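These are the residues of each chain, in order.
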Amino acid sequence: MPGAQDVQKKALCNLLYRPNEPTFAPKNHTIYEIPQSAMLDKYKGFGQDLESRFSETPGDKERVNVKEIKWPDLDFALVIKREDAFNIFHGPHNAIAGKLIELFFKIEKAEDLLACAVYARERVNPYLFVYTFSVAMTHREDTKDILLPDCLLAFPTKFLPKSTMAEAKELCYVVPTDLRKPIVIPRNWTATDLDPEHQMAFFREDPGINLHHWHWHLAYPFMGPMEIVNKDRRGELFYFMHNQMINRYNCSRICVGLHRVEPYENFLDDVAPAYYPKLDNHNSSRMIIGRQRGFKWKTINGVTSPAVTCQDMITVVERIKTAINLGYAIGRNGEKHPLTEAKGIDDLGNMVESCMLSPNMGYYSSLHNTGHMFFALAADTTTVKYLEQPGVMADTSTAMRDPVFYRWHKFIDNLLSEYKYTLAPYTDEQLACPGIKVDKVNLIVNQKYTKELCTFWQWDDVNMSLGLDFNGDGSEPVYIRFCHINHEEFVYKINVTNSTDKPIKCTVRIFMFPVRNENGTNFEMDMFRRNAIEMDRTTATFPPGETKFFRSSKDSNVTVPFDRTFSTAWKQDAETLRSMQASICACGLPHYHLLPIGTADGFPCNLFVMLTPYELDKTNDDINVACNDNAVFCGIKDRKYPDKRAMGFPFDRVLMAPSIEEFAKRDNMALLDFKIKHKDIAVKGPHCMPDADY
């Protein structure tokens, strides 16, 4: 029998399922007994009667008593109507979200949090509730180990076509559980290859990629209590994580025959690509609007905030560039805020992203967020004239679907990289690892040496029953089947010689690079480093003499496995639940995206390995905590980022070498040529139902 504390944690978690239906409707075997004073007027007096309609066997449910407390004043949050599209990048919406996060975060007792959350859930915008409550739950000490449902379960319409939702409801009401088959999501459901950009839909529209982006912004919100927002090297991580997503995207673009993304930088004349997401906003029962060809930025005529023009954005960029060139920003009180070698990129990342940690948000404004707004409001710059709500760029769970996301973030990446060009190149001493020599690096697949890694397509199933409104308590499964890129697993073998008489602990840094650009010519050195893709970062101790070090691709510190990306795939045993730490565990690139797609005849790449002294790199004395295997993109909860070096080191600065071959001649480095070959086949994945076709 579960204890009272476990029941309460489950009750808190279940509030995030199906946020558009009343709280008293059973959710995942939980029934909430709600005080009359907490219920909406339209439900008072007959909530129990409605409850029974959704549960034929209420006896098998856990009944949770919601205590009556002094209900909070939510007038500030009701400005965002329940049928509105909550827009995390819109300043007024973001400020409201910050206040609601603080409300949930600072309630002392978990039972009071449950009561407050039930009260708020019935009243505030559903997506606002899910976002703010998830952020608070992730960071509260008494709830951080709760296994939160991912956004796919809270808002499946942000990930799946409308036809899938209709078919899912038909299954629920018509087809017995034992006769249900997975609902197959077509591989080409938003466009065709007549649009060249659609060749990258496998990346942009992948549910796991978009869930990673959503999870990252839960772990690193830009507004809220200082205890939540002010994380170690937060701004630098914003820069680095998005830089890596752009580099991976660009490598796959070259593979499929497209040019690398061009930054959206001429705010007056640049034209954004067309995009039609084919998604619905479930809150308002409206289609999320698309964007036609030829779109240019237009003045956002603010309704709840001042209007913003293209010239305003140009001015902000000029101010940021001036700060980079001068080496200091203008602080909140007019003082000089130095952009130091240690903290400069962190300050600039927060400044550009529009985080409350910005040295001076009043002066440097909100460049990144407002850029998202310009694209999101393409159809209706006020959302009032035509009553059209924002597009996918307004939401962290959908923004990466849009081709313009990558153009905008390439501009952001270029802007922040200007600061990196002001820093002196690393010295030989900074790049060295005394006593260590990397003799050779190899790749192993199926216990054989290889210089060719393969990618392919794979079908997998995800249970979405808990995300379907008015579907009982979600206990009867409804599976969707989607196709995603995947790769064969491989092993790095690194031969190392320690020439000293003592063991040396090292940081092992593994990168890959595309060798050639979209024109088929080799990258020059600076563009070579700018396209670096970090594959893994770990530690190892090398005893005196020769050592053969093996590292599996499955253990990459960049990615998380399928069953951590999709919460319904997680094992529901007690040990797993205890080891998980909310969104931090699910944050990370889906493992199936570790490799770029490759080409039919093999796309040429370089593998680069570098060892550095751990004693100079370490920040945490003990990182033996749950979910430290996704630290490269997501850090470690409640601890410093586990590497003193700059993120992306050594490729974050100009390299004093004519080629990567010359650079890698140092003793502690090694280089390997290899290819990524894409096999255009689709296989059945381990998460497919056993008896299902694919």
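K.L.:
Residues and numbers for the packing of aromatic side chains, please.
P.N.:
The final tally for this structure, using the stated rule, is 42 aromatic pairs. Pairing Tyr127 with Phe155 gives two aromatic rings, centres 5.0 Å apart and planes at 65 degrees, and the pair type is edge-to-face. Note that Tyr127 is positioned in helix H5 (residues 126–139) and Phe155 in the loop between helix H6 (151–154) and helix H7 (162–174), a separation of 28 residues in sequence. Residue Tyr127 is classed as buried on the basis of its relative accessible area of 4%.

K.L.:
Explain the environment of Tyr239 to me, using residue names and the numbers behind them.
P.N.:
Along the polypeptide, Tyr239 turns up in helix H11 (residues 234–255). The class of Tyr239 is buried, set by a relative accessible area of 8%. Linking Tyr239 and Met647, residues 408 residues apart in sequence, is a C-alpha distance of 9.1 Å. The contacts of Tyr239, once residues within four sequence positions are left out, are Ile345, Asp413, Leu416, Ser417 and Lys420.

K.L.:
Requested: an account of the pairing of strand S10 (residues 452–463), with residues and values cited.
P.N.:
The buried fraction of S10 is high, at 11 of 12 residues. Relative to strand S19 (residues 669–684), S10 is paired through 7 bridges, and the arrangement is parallel. For Leu453, the partnering residue across the bridge sits in S19 and is Ile676. Of the strand pairs in this sheet, S10 and strand S11 (residues 479–487) are connected by 9 bridges, and their pairing is antiparallel. Following the sheet pairing, Thr455 is matched in S11 by His487.

K.L.:
A description of the packing of H11 against helix H16 (residues 403–420) should follow, citing residues and the corresponding values.
P.N.:
At their nearest, the axes of H11 and H16 sit 10 Å apart, and the two run at 125 degrees to each other. Between H11 and H16, the interaxial angle falls into the category oblique. In terms of crossing hand, the pair formed by H11 and H16 is left-handed. On the side of H11, the interface is formed by Phe238, Tyr239, His242, Asn243, Ile246 and Tyr249, while H16 contributes Phe405, Tyr406, His409, Lys410, Ile412, Asp413, Leu416, Ser417 and Lys420. Of the residues that constitute the contact of H11 with H16, the class distribution is 8 nonpolar, 4 polar and 3 charged.

K.L.:
How would you sum up helix H13 (residues 344–353)? Please name residues and give values.
P.N.:
In terms of residue burial, H13 counts as a mostly covered element, since 10 of its 10 residues are buried. Those residues of H13 not exposed but buried are Gly344, Ile345, Asp346, Asp347, Leu348, Gly349, Asn350, Met351, Val352 and Glu353. Directly beyond the C-terminal end of H13, a positive phi value near 80 degrees is found at Ser354.

Calculation rules
- Residues numbered from 1 in each chain as written.
- Predicted model: local features only at pLDDT ≥ 70, side-chain atom pairs only at ≥ 80, totals over all residues.
- Heavy atoms only, no water.
- Phe/Tyr/Trp six-rings, centres within 6.5 Å; stacked < 30°, edge-to-face > 60°.
- Helix = DSSP H or I, 4+ residues; strand = E, 2+ residues; numbered from the N terminus.
- Buried < 20%, exposed > 50% of the residue type's maximum accessible area, 1.4 Å probe, protein only.
- Contact = heavy atoms within 4.5 Å.
- Pairing = 2+ DSSP bridges.
- Axes fitted to C-alpha atoms, helices over the stretch in contact; angles between N-to-C directions.
- Parallel < 35°, antiparallel > 145°, perpendicular 65-115°, else oblique.
- Left-handed = near helix turned anticlockwise from the far one by under 90°.
- Nonpolar A, V, L, I, M, F, W, Y, C, P; charged D, E, K, R; others polar.

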